[in-house]
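Each chain, letter by letter, is given below.
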Amino acid sequence: MSDDWKILILNGPNLNRLGLREPAIYGATTYAQLVALCERRGEERKAPVEVRQTNAEGEMIDWLHEAADRGWPVILNAAGWTHTSVAIGDACAQLSGLLIEVHISNIHKRETFRHHSYVSPHADGGIIVGMGVAGYLHAVDRIADEAQTDAE
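Going along each chain's sequence as written, the residues are numbered from 1 onward. Local features in this predicted model are restricted to residues whose pLDDT is 70 or higher, and side-chain atom pairs enter the listing and the counts only when it is 80 or higher, whereas totals over whole chains, interfaces and linings include all residues. The side-chain figures draw on all heavy atoms in the structure; neither hydrogens nor water molecules are used.

As annotated in an unreviewed UniProt entry, the protein chain carries the name 3-dehydroquinate dehydratase and is attributed to Glycomyces paridis. UniProt positions are given in the numbering used here, feature names are shortened, and annotations may be inferred rather than shown by experiment. What UniProt states about the protein chain under its Subunit (unreviewed entry) heading is, verbatim, "Homododecamer." In its Catalytic activity (unreviewed entry) section, the UniProt record describing the protein chain reads: "3-dehydroquinate = 3-dehydroshikimate + H2O".

Set out below in structure tokens:
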């Protein structure tokens, strides 16, 4: 592991509206609370975490390229781009670190268009759906466990 190793948690469009947008689907946790939860879990697991959110697809692709170039593991909630963006899928294909796809809601119990993911074929660390924001914490644990195993 390099000195600048970190878990990069990337969030796509509208996730900055957590707690405000459709709380019956996405819960009452705000985006700021989600960031704090993820950072705290990273500290507990001695795995540095950086959480980012964007509503700009090109910026997300740049962040995925950065992770690919640095070999960082990624936890990705691509939100609506999951189902629509070949470009996000192509960027995920370039990742060399572990990729875990996370969705707060169970996308398989929602509209049919949400059942397809351009991210899933590249999610070598697994796919977590329908666990609310706790899914992010499970993903951090999964990557921290993997990093600890690799270090031993």
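From this point, things continue past the structure.
Q: Sorry, what's going on with helix α6 (residues 134-151) here?
A: Residue pairs three or four apart in sequence face the same way in an α-helix, which turns once every 3.6 residues. Between the first and last C-alpha of α6 there are 26 Å, a value that for 18 residues agrees with the 26 Å anticipated at 1.5 Å per step. Per-residue accessibility, obtained with a 1.4 Å probe over protein chains only, is compared with the maximum for each type, and a residue is labelled buried under 20%, exposed over 50%, and partly exposed between these values. The secondary structure listing takes helices from DSSP runs of H or I that are at least 4 residues long and strands from runs of E that are at least 2 residues long, numbered from the N terminus. Listed as buried for α6 are Gly135, Tyr136, Leu137, Ala139, Val140, Asp141, Ile143, Ala144 and Ala147. In the core, the buried residues of α6 are packed alongside β1 (7-11), α2 (31-44), β2 (49-53), β3 (74-77), β4 (99-103) and β5 (126-129). What a helix should span is 1.5 Å times the count of its residues minus one. The contact rule is simple, with two residues in contact once any of their heavy atoms fall within 4.5 Å.

Q: How should I be thinking about the pairing of β3 in this particular structure?
A: Note on strand geometry: in a regular strand, side chains alternate between the two faces of the sheet. The alternating pattern of β3 places Val74 and Leu76 on one face and Ile75 and Asn77 on the opposite face, and all of these are buried. When DSSP finds two or more bridges between a pair of strands, those strands are recorded as paired. By the bridge criterion, 4 bridges tie β1 to β3 in an arrangement that is parallel. Paired with Asn11 across the two strands is Asn77, which belongs to β3. Two elements, β3 and β4, share 3 bridges in a ladder whose sense is parallel. In the sheet register, Val74 faces β4, and the bridge partner there is Leu99.

Q: Please clarify how the UniProt feature "binding site: substrate" (unreviewed entry) in the protein chain should be interpreted in this entry.
A: UniProt annotation of "binding site: substrate" (unreviewed entry) refers to Asn77, His83, Asp90, Ile104, Ser105 and Arg114 when read in the numbering used here. Mapped onto the elements of the fold, Ile104 is located in the loop between β4 and β5.

Q: Looking at this structure, I do not really get the side chain of Lys6. What am I missing?
A: If you trace the backbone, Lys6 turns up in the segment before β1. The term polar contact refers here to a pair of N or O atoms within 3.5 Å; inside protein, the definition further demands a hydrogen-donor-capable atom paired with an acceptor-capable atom, and it admits residues adjacent in sequence only when both atoms are side-chain atoms. Engagement of the side chain of Lys6 in a polar contact is seen with the side chain of Glu50, the distance being 2.4 Å.

Q: In this structure, what is going on with the environment of Trp63? I would like to understand it.
A: Among the secondary structure elements, Trp63 is positioned in helix α3 (residues 57-70). With relative accessibility at 13%, the residue Trp63 sits in the buried group. Along the chain, Trp63 and Ala78 lie 15 residues apart, while their C-alpha atoms are 12 Å from each other. Setting aside chain neighbours within four positions, we find Trp63 in contact with Leu8, Leu10, Arg52, Gln53 and Thr54.

Q: Explanation requested: α3 in the structure shown.
A: If you check α3, its first and last C-alpha atoms are 20 Å apart, about what 14 residues at 1.5 Å a residue would give, namely 20 Å. Within the sequence span of α3, burial applies to Met60, Ile61, Trp63, Leu64, Ala67 and Ala68. Taken around the axis of α3, the buried residues stretch over an arc of 160°, which confines them to a single face. The inward-facing, buried residues of α3 contact β1, β2, β3, α4 (81-84) and α5 (86-93). The arc in question is the one traced by the directions running from the helix axis out to the C-beta atoms.

Q: What should I look at first to understand the packing of α3 against α5 in this one?
A: Angle between the axes and distance between the axes: these two values describe a pair of packed helices. In this analysis an axis means a line fitted to C-alpha atoms, helices contributing only their contacting stretch, and an angle means the value between N-to-C directions, from 0 to 180 degrees. Two numbers describe how α3 lies on α5: the axes approach to 9 Å, and their chain directions differ by 10°. On the basis of the axis angle, α3 is roughly parallel to α5. On the side of α3, the interface is formed by Glu57, Met60, Ile61, Leu64 and His65, while α5 contributes Ala87, Ile88, Ala91 and Cys92. Nonpolar residues are Ala, Val, Leu, Ile, Met, Phe, Trp, Tyr, Cys and Pro. Charged residues are Asp, Glu, Lys and Arg, and all others, Gly as well, are polar. Classifying every residue of the contact of α3 with α5 by side-chain character gives 7 nonpolar, 1 polar and 1 charged. Reported orientations rely on four angle classes, namely roughly parallel under 35 degrees, roughly antiparallel over 145, roughly perpendicular from 65 to 115, and oblique for the rest.

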